[in-house]
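What the coordinates show
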Amino acid sequence: MNNRTSLLIISLLLMLSSCSSREDYSSFISEDTNKYNNQIASAIDVNEAWATTPYLIIGKLFGPEYRTEGNSGFSLEQTEISNEHIRIIVTQEGLLDDSVHGEKRIIEFKYKANRWVIDNIKLGFKCQSGRGQQKYSGELCS
């Protein structure tokens, strides 16, 4: 087998493995944004600082809940930004739940009427071993 053929085979294997490990964001379920936006509006009414930026809002409403095991993780990833639109992915793993290992939220903020509001939230789950899917998906764990 020549170098070119070997390189082609390795490239195909890498492409296949990366495709199979992708999370199915399209399957994530929609979460109601009203309860969160009501909390943000109430905080703005009394000048609470946490309601002024998307990152502070996430820290208050979606920050790490200390209901995790030793192998826990919490991460934020900003995936899109413009002057009036921000998308942030919040992932928390190591949950103290017998079926759910982690939750991932894709939260879209829009700047409207001089404040940030949550426009959309998609929620996905990663199951404990033997309790369902091992990638984030909108499919509930068993």
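This section reports on the structure supplied with the text. (Residues numbered from 1 in each chain as written. Predicted model: local features only at pLDDT ≥ 70, side-chain atom pairs only at ≥ 80, totals over all residues. Heavy atoms only, no water.)

To continue, consider the overall build of the protein. Broken down by element type, the protein carries three helices and five strands. Sorting the 142 residues of the protein into buried and exposed places 35% on the buried side. For the protein, the exposed surface amounts to about 8,900 Å²; the carbon and sulfur share of it is 51%. (Helix = DSSP H or I, 4+ residues; strand = E, 2+ residues; numbered from the N terminus. Buried < 20%, exposed > 50% of the residue type's maximum accessible area, 1.4 Å probe, protein only. Areas by Shrake-Rupley, 256 points an atom, 1.4 Å probe, with all protein chains shown as cover.)

This part covers the nonpolar core. F62, I107, F109 and I118 are the most contacted members of the largest nonpolar core, which has 17 residues in total. Elements that contribute at least two residues to this core include exactly α2 (34–45), α3 (54–61), β3 (85–95), β4 (100–112) and β5 (115–127). In contact with I118, other than residues within four places in its own chain, are T33, Y36, N37, I40, F62, I107, E108 and F109. Grouped together as the second largest cluster of nonpolar side chains are six residues, L95, L123, F125 and C141 included. (Core = buried A, V, L, I, M, F, W, Y, C linked by side-chain atoms within 4.5 Å. Contact = heavy atoms within 4.5 Å.)

Once that is clear, we can look at a nonpolar patch on the surface. A cluster of nonpolar side chains, Y55, F74 and L76, forms an exposed patch at the surface whose accessible area comes to about 250 Å². For F74, a relative accessible area of 31% translates into the label partly exposed. (Patch = residues over 30% accessible without salt bridge, like charges linked within 9 Å, V, L, I, M, F, W, Y side chains within 5 Å. Salt bridge = Lys/Arg side-chain N within 4 Å of Asp/Glu carboxyl O.)

Following the criterion strictly, the structure yields seven salt bridges and no others. Here E103 ties to R105 by a salt bridge, and the two come within 3.2 Å at their closest N and O atoms. For the salt bridge of D119 with K112, the shortest nitrogen-to-oxygen distance reads 3.6 Å. A residue is classified by how much of its surface remains accessible, and K112, at 40% relative accessible area, is partly exposed. Via salt bridges that share partners, E31, E103 and R105 belong to a single interconnected network.

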